[in-house]
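Structure assessment
Read off the chains here:
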Amino acid sequence: MSNRIIITGAAGFIGSNIAHALNARGYTDILAVDDLTEEGQFHNLTDLQISDYIDKRDFYHQFAAGSFGRVEAIFHEGACSDTMEHNGRYVMDNNYRTSKTLLDACLSQGTRLLYASSAATYGASDTFVEDPQWEKPLNVYGYSKLLFDQVVRQYSSLQALQTQVAGFRYFNVYGPGEQHKGRMASVAFHHFNQFLETGKVKLFGAYGGYGPGEHERDFIWIDDLVAVKLWFFDNPIKSGIFNLGSGRSQPFNDIAHTVVNVLREHSGKSALSLSDMVDQGLVEYIDFPQALVGKYQCHTQADLTRLRTESCDHDFADVATGTRLYIERLLTQGD
């Protein structure tokens, strides 16, 4: 454990959870890379053991110049993750160009790269298999992730990869450490706060052939995501692009139902069915936003065939299990 590990986006939701898991294994020579311009971004770093911090604006060219010595692996989690960001140049610079620079430097220095891709690469597709025929991004964020995946594939086909390069297409991740993400935080986080503030949670109404609250996503509990990332860290011969979701597709109604019942239980009240929650005004459906028409994935479900083929047999939590763990943690520890 003498070699250094670098985490980009270390102050972010996923990056900080990976750092916690590495600390639990005894890794402390961790270089944290991020941008702390926005107030409050530092909170996820305060209880981590790291050896150094560097601003992202300085990191990429310094790493390419070999300024950090021998680096075992980089967990590349830093990106613009706002799927509604309309400045394509900004998104491409942050998500594609910096990743390409990092990839070239990693290959040159023999540093393993485990990076974050996204299920947004599939966009309008109804099939979620890691193959170009199913990749139809709906926004520049999804395209920025897809373009880097395509470069990784090209390098792989040219047998240019002499070290581990593994990309992970995250589906809908939820869990502690996302408090700074604002509207991009998970539905579970928003429902928790909505219910505490107003006594109800809100979901989108009918759209795209799906009933109120019935739009389906593959929701993955953060502890499961981290476990898979560390499995690849432990298996340095495994490279490729992999879906990282639970392999299940569940409606947003399932999250609302679990959040409300866990909070009711916490206050000494009995559990309710979803229909009772709707009747009592605890779950409310709102008109589908016009801004999202034609840009919204109504259904996602990770195909885990490729992950399982690599012998990663991690058992993923369902929404009821993961959301309950999350809400109980928020109640006891805050976020």
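Described below are features of the structure shown in this document. (Residues numbered from 1 in each chain as written. Predicted model: local features only at pLDDT ≥ 70, side-chain atom pairs only at ≥ 80, totals over all residues. Heavy atoms only, no water.)

**A few points about the packing of aromatic side chains**
- Under the counting rule described, the total for this entry stands at 21 aromatic pairs.
- Ring geometry for Tyr 115 versus Phe 148: centroids 4.8 Å apart, planes at 75 degrees, classification edge-to-face. With Tyr 115 in strand β5 (residues 112-118) and Phe 148 in helix α4 (residues 140-157), this residue pair connects regions lying 33 residues apart in the sequence. Neither residue differs from the other here; Tyr 115 and Phe 148 are each classed as buried.
- Put simply, the rings of Phe 59, Tyr 60, Phe 63 and Phe 68 pair up and form one aromatic cluster.
- Positioned over the ring face of Tyr 122 is Arg 169, at 5.0 Å from the centre of the ring. (Phe/Tyr/Trp six-rings, centres within 6.5 Å; stacked < 30°, edge-to-face > 60°. Helix = DSSP H or I, 4+ residues; strand = E, 2+ residues; numbered from the N terminus. Buried < 20%, exposed > 50% of the residue type's maximum accessible area, 1.4 Å probe, protein only. Lys NZ or Arg CZ within 6 Å of the ring centre and 35° of its normal.)

**A short note on unusual backbone geometry**
- A positive phi angle is found at Ser 311, which is not glycine, with a value near 75 degrees.
- On the secondary structure map, Ser 311 appears in the loop between α9 (305-309) and α10 (319-333).

**Describing the pattern of salt bridges**
- Scanning the model with the defined rule gives 16 salt bridges in all.
- For Asp 29, the salt bridge identified is with Arg 4, shortest N-O distance 3.0 Å. In this pair, Asp 29 is assigned in the loop between α1 (13-24) and β2 (30-34) and Arg 4 in strand β1 (residues 4-8), connecting sequence segments 25 residues apart.
- Residue classification places Asp 29 among the partly exposed positions, given a relative accessible area of 26%.
- Arg 4 gets classed as buried once you look at its relative accessible area, which sits at 19%.
- For Asp 104, the salt bridge is made with Lys 100, and the minimal N-O distance between the two is 2.9 Å. Residue Asp 104 and its partner Lys 100 are both found in helix α3 (residues 88-109); the two are separated by four residues, about one turn of the helix.
- Members of the salt-bridge network, linked through shared partners, are Glu 135, Asp 149, Arg 153 and Arg 169. (Salt bridge = Lys/Arg side-chain N within 4 Å of Asp/Glu carboxyl O.)

**Quick notes on the side chain of His 191**
- Structurally, His 191 is set in helix α5 (residues 187-198).
- On the basis of relative accessible area, His 191 is assigned to the buried category, the value being 2%.
- If sequence neighbours within four positions are ignored, His 191 has contacts with Val 201, Lys 202, Leu 203, Ile 255, Ala 256 and Val 259. (Contact = heavy atoms within 4.5 Å.)

**Looking at the nonpolar core**
- Core analysis: the largest hydrophobic core is formed by 73 residues, its most contacted members being Ile 7, Leu 22, Phe 75, Leu 225 and Phe 232.
- Tallying contributions element by element places helix α6 (residues 222-234) first for this core, with eight residues.
- Not counting residues within four places of it along the chain, the set of residues in contact with Leu 225 comprises Ile 14, Tyr 170, Val 173, Ile 220 and Leu 244.
- In terms of nonpolar packing, the next biggest core, distinct from the first, is built from 26 residues, Val 71, Met 92, Leu 102 and Val 152 among them. (Core = buried A, V, L, I, M, F, W, Y, C linked by side-chain atoms within 4.5 Å.)

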